[in-house]
Structure formats: C-alpha cells, structure tokens
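Read off the chains here:
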Amino acid sequence: MNVTQEPITSNVSILPFNPICSKVRQAPYTYELLQELDVTGILLYATITLMTLVTVVVFLEEVHYMYRKLSGRTRKITIWVNASAPVITITSCVGMWIPKSTMFTDFTASVFLAVLIHQFQLMLVNECGGKKEFLKKFADTKLQLHTGPLCCCCVCFPRKDIHSRTLFMLKLGTFQFVLLRPALMFLAVVLWTNGTYAIGNSRADSATIYINVLVGVITIVSLWAVGIMFNLVRPSLTNRNIISKFSCYEFVVILSQLQTSIINILGTTGVISCVPPRPGPSRASYMNQQLLIIEMFLTTVICRILYRRRYEEEHLLCEVEETKDNLQNSTLCLNGKTIDEGPQML
C-alpha cells in the first residue's frame, strides 16, 4: 500500500537570501567605493564635496569679518558658535569619502558640539553686557526652572533668585557636557577598536547602549541649562535676533544628535538595507552624512546673515556716534577761546 505524503505548507514567508550582503560586514575602503561609483554617484559625490568647500569658504569669510568688526570676548564667542556647522560639514564629508573613519569623525564633531552648547550660553550672558551687567540687570528677577527639555511639565518647581551662584550652576550645567561628552566618545572609540562598541547596537549586553544613555542624560541636562538662560534673557535681547540665533543653534543640535541616532537605528535594525559594498549600518551613516552636509550648508548661510546684520548695525551706530563726538570736539576747539576767556566785546 503506497502512502503519498503531501508537502507540508507553512504560512511563514521566506525572505530572499542575498549572499553578497551576507558577506558585507564592515564599512568598505575608499578604493572599493570608487570602483562601484557610476555617473550618478560621481555627480552626487562632487556636488556634496562642493557644498562642503562653499561652507568652509563662507565661514572663513565670516571669521575675517568678525576680526575686523569685533574685538575681545565677543569675537571669540561668536566665532566658536558659528564654527559648529562648518566642522560638522567637514567631518561628514571626510566620513563620506572614508567610511572606516566614521567613529573618529563622530568624535571630532561631538567635541565641537559640546563646545557649541557651552559657548552659546556664554554668548547669552555676553550679549547682556557681561557677568556684572547680567547680575545687575536680573537681580530682581526670579529664575524659571520648568522649561524644556528636562522639566517642562514640572510647574511646581520654585523660582530661584538670580545671583553669582545661580549663574555658576547654569554654566556648570553646560560645562559638564564639554568635559563628559568627549570623554565618553573617546571611550566609545577605544571600545570600537576592540569590537565591543558598534554604532546603533541596542543590545543589553553591549557597551553601546550604556554609553548612549549617559550621553543622552548629560545632553538633556546641558540643553536644560541653556533653555533656562534663554527664557530669562529673551525679552531683553529681541533686538539682537536672539530668537533666530537660538533656532539655528537648536537646529544644529537636533540634527546632529536626534537625526543621527534615528538613522543609525534604522540601519542597525535592517530598515536601511545593505547595498554592496556598504552594509546596512555603513549605508545609514552615509545617508546621514549627506543630509548633514546639506543641512549645515544652509545653517552656515543663515548664521552668516543673522550675525552679520546685527553687528553691521552696531558698527554704523558707532560710526555715527564717533562722527558726532568729532563734530562736538571740533566745535569746542574752535570756540575754545570763547569758553576759556568768556565772551569778547566787539
């Protein structure tokens, strides 16, 4: 008796196996990328690289302008604040051409981002006239602590008096980011060379998730300190385009942090698939680097307009006041004899 067995069917769909992608595990070398580039890829790389060069040229021209128009602490802080977008553009372009350098370029960008957050807070104090003028101006004002991104819903927080200790604590909130963020990123680079750290890895047994959590906590604390300071000085600095400057600053922070994290997670989970010679995580970093170059190019152009407009107005006012002083001094010199000897009889 012959018994025929029917094939067992299953409702589970089988995904197609790509043997090429299974072999692509690491980021490719530059020569491997150049071999795979077609005409469209060459044009894309050329356009992105040209945008990077234009961004650097615009920033250098802005630095030259700041050195001519500004002096002292104001010039230093303004240049630091405006340097973040060009630095992120350069590191992204290097990471795009040399995929294996992504960890090192991310480390460099993270250092400048930490400095940006601290320098922007110092710029808010400097725009108010410095530490002494700041404390004198807001001596009778209560500090509002329930602001984003940390305590925006905690309306029960008491309002604090503003004095030198309060200002020190606010500065410490961003200064800790300057110290801890580069240290954590340096640890990540060291662990990456040992194979312990991987971009976008969210497993509980890896060091990646713990470092990312610590970075997220110190980032939120620093942004909270800047938000408190901004809400305090915003009404008195509206004539200095402070809202637009703060928007550009937030734009840089959000894109370089939140956008990068989301795209890296998509690459690790397989949403952004492998396209040889790039594996999924490397392709996600490549897409993020291209977006950052375009976004930071626009940010650099906008910042050039915002910061130059204000200081050009101040320079014109200074020239008008200097002209008035010269006219008054000339009048005093011409009438010096009348002033010293009294009116003369004709």
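Residues numbered from 1 in each chain as written. Predicted model: local features only at pLDDT ≥ 70, side-chain atom pairs only at ≥ 80, totals over all residues. Heavy atoms only, no water.

Student: I'm lost on the UniProt feature "transmembrane region" (unreviewed entry) in the protein chain in this one. Help?
Tutor: In this numbering, the UniProt entry assigns the feature "transmembrane region" (unreviewed entry) to residues 42–65, 77–98, 104–125, 168–189, 209–234, 246–266 and 286–307. Taken end to end, residues 209–234 has its terminal C-alpha atoms 36 Å apart, with 96% of it in helix and 0% in strand. As a span, residues 246–266 carries 100% helix and 0% strand, and end to end its C-alpha atoms are 29 Å apart. (UniProt positions renumbered as here; feature names shortened; annotations may be inferred. Helix = DSSP H or I, 4+ residues; strand = E, 2+ residues; numbered from the N terminus.)

Student: Looking at this structure, how should I read a nonpolar patch on the surface?
Tutor: A grouping of Phe-168, Met-169, Leu-172, Phe-175, Leu-179 and Leu-180 is seen on the molecular surface, where their side chains present a nonpolar patch of about 570 Å² in accessible area. Along the chain, Phe-175 falls in helix H7 (residues 164–193). (Patch = residues over 30% accessible without salt bridge, like charges linked within 9 Å, V, L, I, M, F, W, Y side chains within 5 Å. Areas by Shrake-Rupley, 256 points an atom, 1.4 Å probe, with all protein chains shown as cover. Salt bridge = Lys/Arg side-chain N within 4 Å of Asp/Glu carboxyl O.)

Student: Explain the packing of aromatic side chains to me, please; I cannot follow it from the model alone.
Tutor: Aromatic rings in a pair are described by how distant their centres are and how their planes are angled relative to each other. Per the stated rule, a full pass over the model turns up ten aromatic pairs. Between Tyr-45 and Tyr-286 the ring centres are 5.9 Å apart and the planes differ by 20°, which places this aromatic pair in the stacked class. Of this pair, Tyr-45 sits in helix H3 (residues 39–69) while Tyr-286 sits in helix H10 (residues 280–334); the two residues are 241 residues apart in sequence, bridging distant segments of the chain. On the accessibility criterion, Tyr-286 (14% relative accessible area) is buried. Ring geometry for Phe-246 versus Tyr-249: centroids 5.4 Å apart, planes at 45°, classification tilted. (Phe/Tyr/Trp six-rings, centres within 6.5 Å; stacked < 30°, edge-to-face > 60°. Buried < 20%, exposed > 50% of the residue type's maximum accessible area, 1.4 Å probe, protein only.)

Student: Looking at this structure, how should I read H7?
Tutor: Each α-helix turn comprises 3.6 residues. Residues three or four places apart therefore point the same way. Compared with the 44 Å implied by 1.5 Å per residue over 30 residues, the 44 Å span of H7 between its first and last C-alpha is a close match. Its axis deflected by about 30° at Gly-173, H7 carries its strongest bend there. Note on H7: the residue one or two positions beyond its end, Gly-195, has a positive phi of about 85°. (Expected span 1.5 Å × (residues − 1). Bend = angle between axes of the 7 residues up to and from the residue.)

Student: It is not clear to me how the environment of Ile-77 should be interpreted in this structure. Could you clarify?
Tutor: Relative to the helices and strands, Ile-77 resides in helix H4 (residues 72–97). Taking relative accessible area as the criterion, Ile-77 reaches 2% and is therefore assigned buried. In the structure, Ile-77 is positioned 39 residues away from Leu-116 in sequence and 9.3 Å away in space, judged by C-alpha atoms.

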